[in-house]
Amino acid sequence: MRLIIATAAVAVMAGPATALTSFDASVTPGVQLLFGQGNANTAFTVNLENNIEVGLRGKLRYDNSNAPGAGVPNGTYNSNGAGLYEFDPSDGIAPADRSLFNFDWSVNVNQDGTAVDQFLDDFTYLLSIDFDPTAAVGVTNGVDLVEFDPISLGPGSPWDHGLGDNSSTSPTFAKQYVATDAGGSRGLNYGPAIAAYSVAQNSWNLGFYEPVGFDPQTEGLYTITLSVLSGATTLSSASIDIRYGAVAQAVPVPAALPLMGAGLAALSLIARRRRG
């Protein structure tokens, strides 16, 4: 199962930069996460490139103590320190229309604060979720694929993201900024907010987007990729795996193995010719 969050930049950015990927890290700003109380800033897989920071993590959303109610943010990440987050059906009890785990994401398009004229509305966003555990990774037009723009103004927006910048601190209420606050009682409505902020964060569940007939508690390996692009150029990208249940990971074939096999076949052919 593959879930891909892609971000496409409208403005062209100059100069490739060296990618820096870290594990079990915090995201910027280095405070409690902006999308709600009780969400520690830790255990993210983070990529920093071209001054754009992208963070992803898996998180246990429902444990045995808060089921079958709505639950509270859970601080269990089960990270292996290399981008894999593992959960088991025995870890909790989720409502029938929810997965046991959430995936948390964070985007900061001005990580070091120097790009003072770069904000969230300078980008477009594409969220793609493949809910078929048997489909080949990379299929873009399958019947189980759900796609939409999760941040920009348009159909399906606005969302209840935590929005801010590098000076933002821990929220004093459930969301630092609620996107559905169309009246702007918290200072800005959604359009001006994404034109003024450079950080967006949220925590989502597979059950929010499931296609008809899909059970969000299906055991499988979920690959989640969050990318920031300018046109066809990837500016920054982070990827994680969330393994739910007893699902074996594919064992990669070493790149040299097919070449070695071809070489052995060639030697065998030469030997046969000599004997002939």
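Residues numbered from 1 in each chain as written. Predicted model: local features only at pLDDT ≥ 70, side-chain atom pairs only at ≥ 80, totals over all residues. Heavy atoms only, no water.

Asks: Quick question: what am I supposed to make of the pattern of salt bridges here?
Replies: Side-chain pairs of opposite charge can arise whenever the charged atoms involved come near each other. Tallied over the full model, the rule gives four salt bridges. Between Arg57 and Asp104 there is a salt bridge, with the nearest N and O atoms lying 2.8 Å from each other. Placement of the pair is Arg57 in strand E4 (residues 52-60) and Asp104 in strand E6 (residues 101-108), with a sequence separation of 47 residues. Each member of the pair Arg57 and Asp104 is classed as buried. As a salt-bridge pair, Asp104 and Lys59 come within 3.3 Å of each other at their nearest N and O atoms. One end of the pair, Asp104, is in strand E6; the other, Lys59, is in strand E4, with 45 residues separating them in the sequence. Looking at Asp104, the relative accessible area reads 0%, which means it is buried. Each of the salt bridges in this network shares a partner with another, and the network as a whole consists of Arg57, Lys59 and Asp104. (Salt bridge = Lys/Arg side-chain N within 4 Å of Asp/Glu carboxyl O. Helix = DSSP H or I, 4+ residues; strand = E, 2+ residues; numbered from the N terminus. Buried < 20%, exposed > 50% of the residue type's maximum accessible area, 1.4 Å probe, protein only.)

Asks: Teacher, can you tell me more about the packing of aromatic side chains here?
Replies: Aromatic rings considered in pairs are described by the distance between their centres and by the relative angle of their planes. With the rule as written, the count across this model stands at seven aromatic pairs. A centroid spacing of 5.4 Å and a plane angle of 65° characterise the contact between Phe101 and Tyr222, whose relative ring orientation is edge-to-face. Residue Phe101 is located in strand E6, and its partner Tyr222 is located in strand E11 (residues 220-230); the two are separated by 121 residues in the primary sequence. Between Trp105 and Trp204 the ring centres are 5.3 Å apart and the planes differ by 65°, which places this aromatic pair in the edge-to-face class. Linking Trp105 in strand E6 with Trp204 in strand E10 (residues 199-205), this pair joins segments that are 99 residues apart in sequence. Each member of the pair, Trp105 as well as Trp204, is classed as buried. Taken together, the aromatic side chains of Phe103, Trp105, Trp204, Phe208 and Tyr209 make up a single cluster linked through ring pairs. (Phe/Tyr/Trp six-rings, centres within 6.5 Å; stacked < 30°, edge-to-face > 60°.)

Asks: It is not clear to me how the side chain of Asp63 should be interpreted in this structure. Could you clarify?
Replies: Within the secondary structure layout, Asp63 lies in the loop between E4 and strand E5 (84-87). The side chain of Asp63 is buried and forms no salt bridge, while Arg61, the nearest opposite charge, is found at 8.2 Å. Those residues within four positions of Asp63 in sequence are excluded, and the remaining contacts are Asn74, Asp91, Gly92 and Ile93. (Lys, Arg positive; Asp, Glu negative; His and termini not counted. Contact = heavy atoms within 4.5 Å.)

Asks: Which parts of the structure should I look at to understand the sheet that holds E10?
Replies: As a general point, the strands of a sheet are linked pairwise by backbone hydrogen bonds and lie either parallel or antiparallel. Spatially, six strands are ordered E2-E3-E4-E6-E10-E9 in an open sheet, and the strand pairing comes out antiparallel. With partners counted over all chains shown, the strands left at the sheet margins are strand E2 (20-25) and strand E9 (162-164), one partner each. Direction aside, neighbouring strands of the sheet carry axes that sit 15° apart on average. Across seven bridges, E6 lies against E10 in antiparallel orientation. Within E10, the position partnered with Val107 by the bridge is Ala200. (Pairing = 2+ DSSP bridges. Axes fitted to C-alpha atoms, helices over the stretch in contact; angles between N-to-C directions.)

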